[in-house]
Amino acid sequence: MFRNFKAYRPLQVARFVKTLFKGQIHIEGIGSFEFDEGKLLMPNKENRKMLSVMSEVNQHIRQLSAMPA
């Protein structure tokens, strides 16, 4: 599954990644990411902004997983 986000909203991205579990996303102005097993994977490039986004989204995913249903 591929999704294009026009704006970076970490919680919205985290919910999408957690729900679909595997696929690709693109965040305009930041770049493209792959995700597997419900979390964003390390980007191929050493781009600090992409690393920061990956870390922040994965942190939101962990918080979502810890919340009771």
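Before reading further, recall that the structure is shown in the block above.
Residues numbered from 1 in each chain as written. Predicted model: local features only at pLDDT ≥ 70, side-chain atom pairs only at ≥ 80, totals over all residues. Heavy atoms only, no water.

Trainee: Residues and numbers for the sheet that holds strand S2 (residues 23-27), please.
Mentor: A sheet is described by the order of its strands in space; here four strands give the open sequence S1-S2-S3-S4, paired in mixed fashion. What marks the edges here is a single partner per strand, and that holds for strand S1 (2-5) and strand S4 (39-40). Across two bridges, strand S3 (residues 31-36) lies against S4 in antiparallel orientation. Paired with Asp36 across the strands is Lys39, a residue of S4. (Pairing = 2+ DSSP bridges. Helix = DSSP H or I, 4+ residues; strand = E, 2+ residues; numbered from the N terminus.)

Trainee: Describe in detail the nonpolar core, supporting the description with residues and values.
Mentor: Of all hydrophobic cores here, the largest spans 17 residues; its most connected members are Val13, Ile25, Ile27, Phe33, Leu40 and Val57. With six residues, helix H2 (residues 48-66) is the largest single contributor of residues to this core. If we ignore the near neighbours within four places in the chain, the residues touching Val13 are Phe5, Ile25, Ile27 and Val57. (Core = buried A, V, L, I, M, F, W, Y, C linked by side-chain atoms within 4.5 Å. Buried < 20%, exposed > 50% of the residue type's maximum accessible area, 1.4 Å probe, protein only. Contact = heavy atoms within 4.5 Å.)

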